[in-house]
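So the chains spell out like this:
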Amino acid sequence: MSLKNDILYELLNNDDYISGQALSKKFSKSRAAVWKAVKSLIHDGYDIDAVTNRGYKLTDSNNLISAQSIKAAVKSDVEVLYFPSVDSTNNCCKRLLADGKNGVFLVTADEQTAGRGRQGKSFYSPPLTGVYFSLVIRPRTTLQNAVTATTAAAVAVCKAIEKLTDKKPKIKWVNDVYLDGKKICGILTEAVTNFEDATVESVIIGIGINITTVDFPEDVPSAGSLNAKISRNGLIAEITSELLEIAQGDYNAFIAYYRSHSMVIGEKIKFIHNAKVTAATAVAIDETGGLEVELENGEHTVLRSGEISIRRF
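These remarks concern the structure in this document. The model shown is predicted, which means the values in this text are computed figures rather than measured ones.

### A word on the overall build of the chain
Logical step 1: For the chain, the helix and strand inventory stands at eight helices and 14 strands.
Logical step 2: Its C-alpha atoms give the chain a radius of gyration of 21 Å, near enough to 20 Å, the size a compact globule of 313 residues would have.
Logical step 3: Along the first, second and third principal axes, the C-alpha set of the chain runs to 75 × 45 × 35 Å.
Logical step 4: Classification of the 313 residues of the chain by burial places 51% in the buried group.

Listed below in structure tokens is the structure:
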């Protein structure tokens, strides 16, 4: 990790002031380098109290991520790993799996430097203004493939938001959560396969939610934020609990909820498949989360995740 992230990790795990001298000694850096890193953290939005002859301390006003707090609030047994900054929580999960990590676990970070979305798109993930996390589940549940896991994740996000706030989010097929016409959440699900026997060993469900993000890049004009006073730890824990409950629960109940929160059913849409744009009307969500559409010639077809992208007129 960088010195900035090293110092943040120390501040997160200490309730008292840490002197600049102690930080300098621990990381073999100059006092000037420590102060520069602290100033960078403050610039990122962290509220740090700096007191002469005492050192540095995170104030209580920071809505900070805590692995311990998340784990304590999740209703199921799940290991939680926190990193101040990662390239992508999905990528981090892949590395951990490649190193032999077992069980159900969750990786969360305050910032993603290379957050990923579907179809190679990036997901803007600045520090402190959102939640970015990935849950690794095993295929011994109803969520045995990326399609089902993606729809389940969208449901878990909406349920958690409705439980913790007065907001009423909607789902844009297949994996985006919208609020007031703006995308506030992206979901990227990836299956890790055993090539020897062609079985799915793990499913990684990556979720990113904009909570108070304001300044978005120009290439994401439809982005918005939840804009609610909410604990980031509480939101991650509630989504995780909802998702694990769906994984062990009634499939029909969750797919019914998914349908009821769709923002595209009955809408005129166009979809892209094999570089060809086709106009259609969204008719229904089928039993496996596919989108049934009616083409202009009256023919019906079902669209699947990974084959198309949907845009409303």
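There is more to say after this.
### Observations regarding the environment of P127
Logical step 1: Within the secondary structure, P127 is located in the loop between β4 (105-112) and β5 (130-137).
Logical step 2: When the C-alpha positions of P127 and P84 are compared, they lie 8.6 Å apart, and in sequence the two are 43 residues distant.
Logical step 3: Residues within four places of P127 in sequence aside, it is in contact with D44, Y46, D110 and E111.

### Concerning the packing of helix α1 (residues 3-12) against helix α3 (residues 31-44)
Logical step 1: The geometry of α1 relative to α3 is characterised by a closest axis approach of 9 Å and an angle of 75 degrees between their N-to-C directions. Here α3 runs roughly perpendicular to α1, going by the angle between their axes. Between α1 and α3, the contacting residues are L3, K4, I7 and L8 on the first element and A33, V34, A37, V38, S40, L41 and D44 on the second.
Logical step 2: Split by residue class, the contact of α1 with α3 holds eight nonpolar, one polar and two charged.

### Digging into the pattern of salt bridges
Logical step 1: Taken as a whole, this structure holds eleven salt bridges when the rule is applied.
Logical step 2: A salt bridge links K26 to E10; the nearest nitrogen and oxygen atoms lie 2.9 Å apart. Of this pair, K26 sits in helix α2 (residues 20-27) while E10 sits in helix α1, placing them 16 residues apart in sequence.
Logical step 3: Since its relative accessible area comes to 15%, E10 is described here as buried.
Logical step 4: When the shortest N-O distance is used, the salt bridge between E238 and K163 registers 3.3 Å. Of this pair, E238 sits in helix α7 (residues 232-248) while K163 sits in helix α6 (residues 146-164); the two residues are 75 residues apart in sequence, bridging distant segments of the chain.

### Brief notes about the side chain of T165
Logical step 1: Mapped onto the elements, T165 comes out in the loop between α6 and β6 (170-172).
Logical step 2: A polar side-chain atom of T165 sits 2.7 Å from the main-chain carbonyl oxygen of I161.
Logical step 3: Polar side-chain contacts of T165 include one of 3.0 Å to the backbone nitrogen of K167.
Logical step 4: The residues contacting T165, other than those within four sequence positions of it, are A228 and I230.

### Focus on α3
Three- or four-residue spacings in an α-helix give side chains the same orientation, since the helix completes a turn every 3.6 residues.
Logical step 1: Taking 1.5 Å as the rise per residue, α3 with 14 residues should run 20 Å; its terminal C-alpha atoms sit 20 Å apart, in good agreement.
Logical step 2: Among the residues of α3, V34, A37, V38 and L41 are the ones counted as buried. Summarising the axial view, the buried residues of α3 lie within an arc of 100 degrees, below the 170-degree limit, and thus occupy one face. Opposite the buried face of α3, by more than 90 degrees, sit the exposed residues A32, K36 and H43.
Logical step 3: Taken together, the buried residues of α3 touch α1, α2, β1 (48-51) and β2 (55-58).
Logical step 4: With its phi angle positive at about 115 degrees, G45 sits one or two positions after the end of α3.

### A few points about the pairing of strand β11 (residues 276-285)
Logical step 1: In the sheet, strand β10 (residues 268-273) pairs with β11 via six bridges, with the strands oriented antiparallel. Paired with H273 across the two strands is K276, which belongs to β11.
Logical step 2: Between the antiparallel neighbours β10 and β11 lie two residues, among them N274 with a positive phi of about 55 degrees.
Logical step 3: Across five bridges, the pairing between β11 and strand β12 (residues 291-295) is antiparallel. Within β12, the position partnered with A282 by the bridge is V293.
Logical step 4: Where β11 folds back on β12, the antiparallel hairpin that results is connected by five residues, among which G289 adopts a positive phi of roughly 90 degrees.

Conventions used here
- Sequence order as written defines the numbering, with residues in each chain counted from 1.
- Given that this is a predicted model, residues contribute local features only at a pLDDT of at least 70 and side-chain atom pairs are listed and counted only at 80 or more, while totals for whole chains, interfaces and linings are drawn from all residues.
- Derived side-chain values reflect all non-hydrogen atoms in the structure, with water molecules and hydrogen atoms excluded from consideration.
- Strands here mean DSSP runs of E at least two residues long; helices mean DSSP runs of H or I at least four residues long; both are numbered from the N terminus.
- Restricting the calculation to C-alpha atoms gives the radius of gyration, and the globule rule supplies 2.2 Å times the number of residues raised to the power 0.38.
- Here's how the labels work: a residue is buried when its accessible area is under 20% of the maximum for its type, exposed when over 50%, partly exposed in between, all with a 1.4 Å probe on protein chains only.
- Residues are treated as being in contact if the distance between any of their heavy atoms lies within 4.5 Å.
- As a rule, the C-alpha atoms of each element are fitted with a line to give its axis, helices using only the stretch in contact, and angles between N-to-C directions run from 0 to 180 degrees.
- Oblique is the label for every angle not falling under 35 degrees (roughly parallel), over 145 degrees (roughly antiparallel), or within 65 to 115 degrees (roughly perpendicular).
- Residue classes follow a fixed rule: Ala, Val, Leu, Ile, Met, Phe, Trp, Tyr, Cys and Pro count as nonpolar, while Asp, Glu, Lys and Arg count as charged, and any other residue, Gly among them, counts as polar.
- The term salt bridge refers to a pairing of a side-chain nitrogen on Lys or Arg with a carboxyl oxygen on Asp or Glu at a separation within 4 Å.
- What qualifies as a polar contact is a pair of N or O atoms within 3.5 Å, subject to a donor-acceptor requirement within protein and to the restriction that residues adjacent in sequence count only when both atoms come from side chains.
- For a helix, the expected span equals 1.5 Å multiplied by the residue count minus one.
- In this context, the arc is that of the directions from the helix axis out to the C-beta atoms.
- Between any two strands, pairing holds if DSSP finds at least two bridges.

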